[in-house]
Each structure stands twice: as C-alpha cells, then as structure tokens.
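In case you want the letters, here they are:
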Amino acid sequence: MWEGKMGGKNSSENSRISAPPGDLPSGEFSCAASLQAMATAGISGISGISGILGSLLQLEENFSSCLARIDALVLKPLLQAEPQDPKEKENFQLLVLLNDRFQSLWNFTEENSRILRGKSQLENSGCIQDFSILWKGEVFLSLYIQYFVTFANFVVVQGFEQAARSKSDAWKLHKAVLKEFLRDFTSESSLGLALHLVLHKPFQEHIQGYLQLLSQLHEQLQEGSERDVVATVLQEFGKLESFISQVLDEAVFTKELWKSLGYKFTDVLCVPERRLLEDSRNLPIASGAARSERLLLFDDVLVLIQGNSFQSFDLKLVWVDENCGEKSAPGLHSLRITTPEETFVLSTKDPQMKAVWRWKLEQAVRQALNGKRDFPLWGRSGEGSEAPSRRFFTYVFRMEGRLRGATYEGEWLWGKPHGKGTLKWRDGRNHVGDFQEGLEHGFGICLVPQRSEDRYDCYKCHWYQGKMRGYGICEYGNDLVYRGYFKDNVRQGFGILENFSAEHPFRYTGHWENDKKNGYGVWDDKERGERYIGMWSDDLRHGEGIVVTQSGLCYQRTFHAGKMVGKLSLANGFVLQGTFSSRGGRGLSTHGVLSTAPEPRRQLDQLGLKEFPVEKRWTGIFEQFLEFLHSGCKEETEESYTGFHIQTSKELRKSQEYLCCQRGSEEIFWKIEEILEDLVEHTGPEALQGYLEKALESSLHPLGKLLRALTAAFQATFAGIGANRHLLAMAQDEVKFYSRKIWEFYLGLLRVALERKGRAPAEDADPSLGKGPSLVLPLILPGFYPELSMLYMLQHQREDELYCQGIVELSLFPDIQLLEFLDVQKHLWPLKDLTLTSNQRRSLIKDKCFLSATECLQKLITTVDPREKLEILRRRISWNVSFHLGNTRNAPFHLRDPRNVPFQPGDPRNVPSHMRDTRNVPSNIADPRNVPFHLGTSPGPTSVPPLSSTLWSQSITPVIPNFFS
C-alpha cells in the first residue's frame, strides 16, 4: 500500500503551492476551467496508447495544480481560523481530518504525475504497464472513498456554513480573494455553498476524466488479458462515481433534517457518521396507540418522536416481523417491532408502503449488524436478504424488573437473551452460561457476593426457566461445598454438603427437601468423631438412627426432633430411660428415669436391616437417572440429571476463578448418540461384558456416573468411622442392590436405543441376560472392596486373634519338637543330622526358610486383592514342599500343614477333623492344631478377612477365586 511519502509539496514542480495567494500566476487561476476543457476537448482528439498516456499526464498535472490552488486559497485560511466554542471545535477537528485526506490524495496525484512524466520520456513508452492507475487501482479507490466519507461527515454537521461565518482576522482579509476564486465554480452568493462545491466538484470531474480515458484505452486494446484488466478497473471507477453521488445525497438529506429539528434533538442525535435513511413525513407510517408523531430511520438507530421527547432503539437489537399476530384496524397494515425491553406496532394504510418500510428496516438492521453500508458497487450488496434473527450484542437493561441495571453480553433471539451469554448486575452478581427466551436455562455459573466479607458464593449448576434445577456444585463463601441436586433454587433430592473449615468440619450425605435435610442421610461430625446413619426431618434427626463413634461404640436408637429417645444401658448394669440430647461436646443431657435393676443383655447382631430397607436408602440418586430415561435421554439434559464430572478439588476452585466449569482432562468420547448406538451393537454376552466394564470405568458415561454416585454414598456410610462390624449386613445388601439397579438402568438405556431405531425389545432375548446383576456385581465390587474388607476383618476379629495366638505359640517350639508335634515322618525332616545341638541348628536351609517366609508375609501385607493373596500362599506352599521334598509331591506333608488344608466354603466335611472349629475349646488351648483356620487370612493386623459363602446370595458363584474374576 502507498504510505503517502511521495511528491506533492516538496517537489520542484509544485513550488508555487507554498506561495501567497496574491503571487499566484493569473494564467493558472481557473483550475475548474482547465479540468473541464481537458475532459471535453483534449481527450477527444487523442489516438493510440501513447496519446492516451500523454492525456492522462496532462489530466493529472492540471488536477494537481487545481488542488494546489484549493489548498492555498481555501484550506489553509480555514485552518488558521480555529474557533473557541466547544461545539464548533468538534467540527473543526473534522475539518482537520478532511485536510489530511485532501493532502494524501494530492500527494498521490503528484506521485502519479511524476511516474507518468518519466514514462512519457522513454522511447518505448506507450504500453499498458505504463498506466499506474491500473496497477494501483486499489490505492486510488481507497483514497477517494476516505476523502468523500470525511467530506460527507463535515457536510452533515453543517461545517461549511459554520466555517463561512468565521470571525477571525485571517479569514476576513482572505475573503475577497476567495470569492474571486470561487466564482469559477458557482454563481451562488452563499459562501458556505461555494466552499461545499469547491471541495468536491473538482474531484468528481477528475473521476469523469479517468472514466473517459479508460474507456478509450479499452477500445484501443484487442481481446485478451490486458483488455480484461482495463475493463475491471473501468468498472470499479464507475462504482466509485455512484458511491460518491449516493454519499453526497445522503449527507445533504441528513443535513436538512437537522436544520428542521430543534437543538434539543440535534444536540443528542446529531452524529457526523449518522445518516437519515427514511422519514415518516416522506413515507407515511404511524406507531400504534399514538405512540409517536414522527418516525426517523437512521443507519444505526430507529427514533420515535412524540412532542418534545423521543425514544431511540439501536438497530442491532431491533427485530421486524410482518406477521405481528395482532388484529389491525380496518384498512391498516402492520409491522411488529421487537426490542429487548419494548414491543410496538407500526401501521400503514397502503400494503406497498408497508413492504417498502419493511424492506428498508430489514436492510438497515442487516447493515448495522455487518458494520458497513450497502452501495451498488463492490461485492454483494445484500439487497433483498433479511437480517439474521440470532445476534451477538451487549445491552444494558434500563426498565423496571429483575434485570434493571444489568448488562448482558451474548447471543440474542427476537429481543431476548438466547444462547451463550454473560449477565452482570451492579451489585456484583455475575451469571455466565446458557439462556433461553430471556431466562437462565441450561448450564451456568453464577457468582453472588457476600455483603459482610470479600467472598463469593459460586453456583455451578443447571438452570431451568431462570431457576436452579438439576445437578450442581456450589461453593459458598463460608467454606461450605454442596454437590447435588436443586429444584426452584433450593436443594432438593440427593446431595452432599461438606464443611471444610477448621472449626466445625462435617459432612452430610443424603436427601434434601426444600433446602433442608429430610429422609435418609449420613451425618459425619469430624470434630466429635461421630457418625449418624438414619432418618432426618427439617434438618434434625428424627426417626430410627444408628450412631457410630470413633472409639468403636455402635448403637441404634429412636430420635425425635434431634433428641434421642429410649434406653441407655450403663456399664454397671443400670438402665437410663428417657430423652437424650448433646451438650455441645460436654456429654449428654437427659430427662428420664434411672433403673438400678439390671436388664438382661441382648446380643447385638447386624443393625439397620429392618429399619432402613435397602430399596429406600438412596432413592434420590435413582430417581434422577430414571427421569433421564423417561425424558428420552436427550443430550442437552444429560448433565442435569446424571451430573457433570470434576476430577479434583483444584479444578473445582479453578472453575470459580475463571467462571468456567472444568469437566476433567478425560476426553469426551461418550456422547449420548454414540452410547445408544454402542448399546445396540454390544448385546452379546461377551461383547456386553466388555462394554459394561468400559462404561463403568468412565466418569462421563451415565453408567459410570451412577456408579460413582453410589460409591460416594457407600463410602460416606461405611468408610472411616462407619467401619463397624454391626454394619456388615447393611453394606452387603447395598452392594447387591447397586448391581440390580445398575442393570435396570442399562436395560432402560437399551430400550431407548431400540425405540430410536424403531425396534422393540426382543422377547426371546439371550437367557444369560437375565442374570444381569451377577454380571455387574464382579465389575463393581473392586470399588467397594476397601470398606467391605475392613468390615469383614472386624466381624472375624476374635477368630483372627486366636489364629495369631496359635501361630505365636508354634513359633516358640524348637525345630525338632515342632516336627515331632506335627507328626512329620523323620525321613522327610529337612535337617539331615539330628545329632546337632540346638545352637548348631542355624543352618543355611533354616535361613532360607526364614527369608522366604518373611518375603511371603510382606507380599501379603502389601496386597489388597484376595485373589492375589491366595495366589501368593499357593506359590509359597508349593515352593516349601518342593524345597523340602524335591519331586515327591504326593507326600502326605501337605495334608499335615494347616496352611494347605483344602477348604470349600460352606462344606465343613472337607476340613480334617483336627482342623475343625471347636468353639467349646477354651482360649488357652494346648494343641495349636485345633485353632480355627480361615483361608485367605494371614497373621497380623493387616490380614485379609475370611470370605464366607453366606456373604452373598445363591445367584453368585460360590467359588471364591472365580467371584472376583
């Protein structure tokens, strides 16, 4: 692009420009006459390309000389008369900008003259490449467009009339010479009109000269690429001529409007860049209910004038609908105008006038949205196309209502926020998310400042018609975090509320109703080391409940309005019956009766089975997933029902800072359409198992989300303080129930997938699918094993202690005595020399045995999976037998070692008689062979608890190793 560094004022040929007006040669005084003569007589007598090139040089030199006269006699005196009035100073800045555009065009004309002069002096001149107007056409057009746009802005604000009234001394002294110069352009006596003509008429005539020369050049050339280039440039300059005419006409039309209006309107509405497109006085149209007397359509706003007041509407947020939906008066044809805060009707008496107004409004709105005007020139004009109904814009609400003073930036549809957007209130509230018909609808993040402290409540959840509804994560300014479901802006359904503050840390996992704890829930008081599992009502413990303490105490009682009601047995046998309540960490306060008569003790068994049926514990979780199925598994509502996944608390905090929800680093492969498609393709037994395994492992698949919600509820109940042997049966029932519900949810997804394909579920389905819960259970069991393992260990703690005691007693026996005690045949003893003393028995074999046993114990301690523990024991026993017996595998030694006794759950006949559990034997038994032994148990506190066939229903395969496969 040309940068304006060439020619003009500094060239020797133009030294006359800087001369005073009185010193200018009289022969060059009439620049308009020379231009006109060139345009009519000079061009008509030329022939050949070289002749056209010479004519173009002469045209440019004459035009440059004319610009020099205008600069010296018009612009410089006007720029010396700077006004003092603030309003006039704004117009003066426009004059300065107009002068800059003038100087750029003048410099470019001088540069073009210099190039043409150099080309004409060459012998081989006269080729198409010598015409710079062809290969610098874009620069020509750009400079002319910039000049005339600025010129039109100066016309609109009546700048020439104001300049003609200047009272500066320099202007007064120069006025006589100026009038003589302007007489060549116009016979008008008005100085303002003469200034207007002198600054645009030479330019228009110069463009006409270009067009004539280009037309002759086009005729001189033969068919080919050069002729096509000239035709293209000729067409562009023709468009430029039309553009200048339209710009000047609109400027004059707008200037006349500002003259007719009072200062009250012009001071606010008059903007240099604004153009009047239509006036209701020229094309009649009326606003309904006598809303306005006059309607003005500008290129950026729509103005309704009523008396001395007016209303303006930004065209970017104006929607025009010819089907207004309202009954018009007889003989009237209406248009509905929709804006963000108002809707009104425009009426005409003629359908043709209605069509014209509708077309002009649509075009004005579309051009305002595009940021540029349509002219019958470059590119597509867009005539006939309608403005888009979806838009992106920023708007400040002003009228009364919940949005008063709020600023919305985002997508719009028919006058209302619709789509992605940001809503900010003056009090600091922010909402970023999805909108529908002016209301928050879909996923969104809302920040609400706390007045007392410099903190925010951050709500990351789903909204429905302006209210929170569905799953959400809320971080409160007081260190509380809630993850769960909402309805009508309150917590409703399943949810987890946790307090991270150091003073009173707690965690509630359960059901909510109207923002209060109601129904089944688990309260974990970390400060007191106590957990409550049971029923709630209005944020208070109410109904049956189980209390588990950190010290291992576990009891089930009835609560009423937060107070425990019933009997409390003391250590001395006394019984206290009454109402119990907490005294803030200082024990219990009671009102009741103390009975000194000892009450017969009842053996505590498993708790909570009758009081809390497994079907009624976590209904809030299953209800949301069932509603998702009933809604047809729509993509846009999936997160509202099943929740969205945030992997870490760090990402949760980050989402508050950046007002965005981090959905985790896992790539989103699970789209609802893909899920339903895969369901139909993986219905076979083998394919189904692989699909379920993959789905349950994903945090984004609905099945995986359901499993994670159930895991959170399970851990809140039975992990940590809740690990008590009296809750084992409750835990077992929950896991089995989870497998059934997950399978039901899978069948529901499959049914929806088949319905979308127009297929009905097959009645003769694979019989193996009827055992769905047994297929799901092994897949979900590893996620619950840590809690179940601890419960099993606590349930069999006494047996494990006896087992460890027997092992300790056996370890005290000398080697020879231990072999004799175990009735091992002497030829199988690992020690060949039996005459050695006890101090000499520390042989290499013994050391290896010790190291091997130590390694085995370490592996058992660090292994969690019972299947792996069994495999470690099997390898250890096989190595021990092979090490001592060589290849004699059929030796009876493996039947005399308690670690190798075959064990089948539920079948005591397979256990040797000396290994059976004789519960009547006292704890200090002398024969350690009679200590109860349970497969899968290793010495020490880290041992894995035994597994019994009574733990699961008969539908599960009783063979323990296969159960975890």
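Novice: Provide a residue-level description of the overall build of the chain, including the pertinent values.
Specialist: Looking only at helices and strands, the chain has 26 helices and 25 strands in total. Put simply, the chain has 965 residues, and 46% of those count as buried. In the chain, of all internal contacts separated by at least 6 residues, the share reaching a separation of at least 24 is 52%.

Novice: So, helix α18 (residues 702–718): which residues are in play, and what are the values?
Specialist: The first and last C-alpha atoms of α18 sit 24 Å apart over 17 residues, in line with the 24 Å expected at 1.5 Å per residue. Burial analysis of α18 places 13 of its 17 residues in the buried class, which makes it a mostly covered element.

Novice: So what's going on with the pattern of salt bridges? Residues and values would help.
Specialist: This structure, assessed with the given rule, holds 29 salt bridges. Arg 358 is paired through a salt bridge with Glu 322; the nearest N and O atoms lie 3.7 Å apart. In this pair, Arg 358 sits in helix α12 (residues 351–370) while Glu 322 sits in the loop between β6 (319–321) and β7 (333–338), placing the two residues 36 residues apart along the sequence. Two residues, Arg 402 and Glu 440, come together in a salt bridge whose shortest N-O distance is 3.2 Å. Here the residue Arg 402 occupies a position in the loop between β9 (390–396) and β10 (407–413), and Glu 440 occupies one in strand β13 (residues 439–449), the gap between them amounting to 38 residues. Looking at Arg 402, the relative accessible area reads 44%, which means it is partly exposed. Under the relative-accessibility criterion, Glu 440 is labelled buried at 4%. A single network of salt bridges, built from pairs that share partners, joins Glu 498, Arg 507 and Lys 526.

Novice: Break down the sheet that holds strand β3 (residues 294–298) for me, with residues and values.
Specialist: Reading across from one edge, β1-β3-β4-β5 is the order of the four strands in this open sheet, with antiparallel pairing throughout. Strands with a single pairing partner mark the edges of an open sheet, and in this sheet they are β1 (276–279) and β5 (309–314). Sheet twist, expressed as the average angle between the axes of neighbouring strands with direction ignored, equals 20°. Strands β1 and β3 of the sheet are contacted by helix α10 (residues 225–260), whose axis makes an angle of about 55° with β1. The sheet strands contacting α12 are β1, β3 and β4 (301–306), and the helix crosses β3 at an angle near 45°.

Novice: Can you lay out the nonpolar core for me, pointing to particular residues and giving the numbers?
Specialist: Core analysis: the largest hydrophobic core is formed by 76 residues, its most contacted members being Tyr 144 and Phe 237. The leading source of residues in this core is helix α2 (residues 48–80), at 13 residues. Non-local contacts of Tyr 144, meaning those with residues more than four positions away in its chain, are made with Phe 63, Leu 105, Phe 203, His 206, Ile 207, Tyr 210 and Leu 240.

Novice: Which residues make up the environment of Ala 723, and what are the values?
Specialist: Mapping Ala 723 onto the fold places it in the loop between α18 and α19 (728–756). Separated by 65 residues in sequence, Ala 723 and Leu 788 place their C-alpha atoms 8.6 Å apart.

Novice: Provide a residue-level description of the environment of Lys 610, including the pertinent values.
Specialist: When you line up the elements, Lys 610 lands in the loop between β25 (588–595) and α13 (619–630). Residues Lys 610 and Met 730, 120 residues apart in the sequence, show an inter-C-alpha distance of 9.8 Å.

Novice: Explain the packing of α2 against helix α3 (residues 86–120) to me, using residue names and the numbers behind them.
Specialist: Remark: α2 packs on α3, axes separated minimally by 9 Å, with the N-to-C direction vectors making an angle of 155°. In terms of orientation, α2 lies roughly antiparallel with respect to α3. Along this stretch, α2 crosses α3, giving a crossing that reads as left-handed. Class assignment of the residues belonging to the contact of α2 with α3 gives a composition of 17 nonpolar, seven polar and six charged.

Novice: A description of the pairing of strand β21 (residues 540–549) should follow, citing residues and the corresponding values.
Specialist: Two faces make up the sheet, and in a regular strand the side chains alternate between them. When you tally the buried positions in β21, you get seven out of ten residues, the bulk of the element. Here strand β20 (residues 530–537) pairs with β21 via seven bridges, running antiparallel. Along β21, the bridge assignment pairs Gly 534 with Gly 545. Relative to strand β22 (residues 554–560), β21 is paired through six bridges, and the arrangement is antiparallel.

Novice: Outline the packing of aromatic side chains, listing residues and values.
Specialist: Per the counting criterion, the structure on display carries 43 aromatic pairs. Residues Tyr 508 and Trp 512 carry aromatic rings whose centres are separated by 5.2 Å and whose planes lie at 90° to one another, so their mutual orientation is edge-to-face. On the basis of relative accessible area, Tyr 508 is assigned to the buried category, the value being 0%. Ring geometry for Tyr 520 versus Trp 618: centroids 5.1 Å apart, planes at 80°, classification edge-to-face. With Tyr 520 in strand β19 (residues 516–525) and Trp 618 in the loop between β25 and α13, this residue pair connects regions lying 98 residues apart in the sequence.

Novice: Go over the sheet that holds strand β2 (residues 286–287), please, and point to the residues and values.
Specialist: Pairing is antiparallel across the open sheet formed by four strands, whose spatial order is β2-β8-β7-β6. Single-partner strands in this sheet number two, and they are β2 and β6. Pairing geometry for β2 and strand β8 (residues 343–348), over two bridges, is antiparallel. The partner of Ser 287 across the bridge, within β8, is Leu 346. Sheet strands touched by α12: β6, β7 and β8. Its angle to β7, the strand with the most contacts, is close to 20°.

Novice: I'd like to hear about helix α5 (residues 137–156), residue by residue, with values.
Specialist: Between its first and last C-alpha, α5 extends 29 Å over 20 residues, near the 28 Å set by a 1.5 Å rise per residue. Of all 20 residues in α5, 15 are buried, a share of seventy percent or more.

Novice: Pulling in residues and values, what's your account of the environment of Trp 359?
Specialist: Its location among the elements puts Trp 359 in helix α12. By relative accessible area, which is 41% here, Trp 359 ends up partly exposed. In sequence terms Trp 359 and Val 320 are 39 residues apart; their C-alpha atoms lie 9.6 Å from each other.

Novice: An account of the packing of helix α20 (residues 772–795) against helix α21 (residues 797–811) is needed here, citing residue identities and associated values.
Specialist: Axis separation between α20 and α21 bottoms out at 5 Å; the angle between their running directions is 70°. Classified by the angle between their axes, α20 and α21 sit roughly perpendicular to one another. In contact with Met 793, Leu 794 and Gln 795 of α20, α21 contributes Gln 797, Glu 799 and Asp 800.

Novice: Describe unusual backbone geometry, and please don't skip the residues or the numbers.
Specialist: We note that Gln 465 has phi near 50°; this positive angle belongs to a residue other than glycine. Its location among the elements puts Gln 465 in the loop between β14 (456–464) and β15 (467–475).

Novice: Hey, could you go over the confidence of the model for the chain for me, with residue numbers and the actual values?
Specialist: Looking at the chain as a whole, the pLDDT averages 75, with 71% of positions reaching at least 70. Counting contacts from residues 377–382, a segment whose pLDDT is below 50, to residues more than four positions away or on other chains yields 14 contacts.

Novice: Outline the pairing of β5, listing residues and values.
Specialist: Direction of pairing for β4 relative to β5: antiparallel, over a ladder of six bridges. Bridged to Gln 306 within β5 is Ser 309. From the end of β4 to the start of β5, which pair antiparallel, there are two residues, and Gly 307 there has a positive phi angle of about 65°.

Rules behind the numbers
Residues numbered from 1 in each chain as written. Predicted model: local features only at pLDDT ≥ 70, side-chain atom pairs only at ≥ 80, totals over all residues. Heavy atoms only, no water. Helix = DSSP H or I, 4+ residues; strand = E, 2+ residues; numbered from the N terminus. Buried < 20%, exposed > 50% of the residue type's maximum accessible area, 1.4 Å probe, protein only. Contact = heavy atoms within 4.5 Å. Expected span 1.5 Å × (residues − 1). Salt bridge = Lys/Arg side-chain N within 4 Å of Asp/Glu carboxyl O. Pairing = 2+ DSSP bridges. Axes fitted to C-alpha atoms, helices over the stretch in contact; angles between N-to-C directions. Core = buried A, V, L, I, M, F, W, Y, C linked by side-chain atoms within 4.5 Å. Parallel < 35°, antiparallel > 145°, perpendicular 65-115°, else oblique. Left-handed = near helix turned anticlockwise from the far one by under 90°. Nonpolar A, V, L, I, M, F, W, Y, C, P; charged D, E, K, R; others polar. Phe/Tyr/Trp six-rings, centres within 6.5 Å; stacked < 30°, edge-to-face > 60°. pLDDT = per-residue confidence, 0-100.

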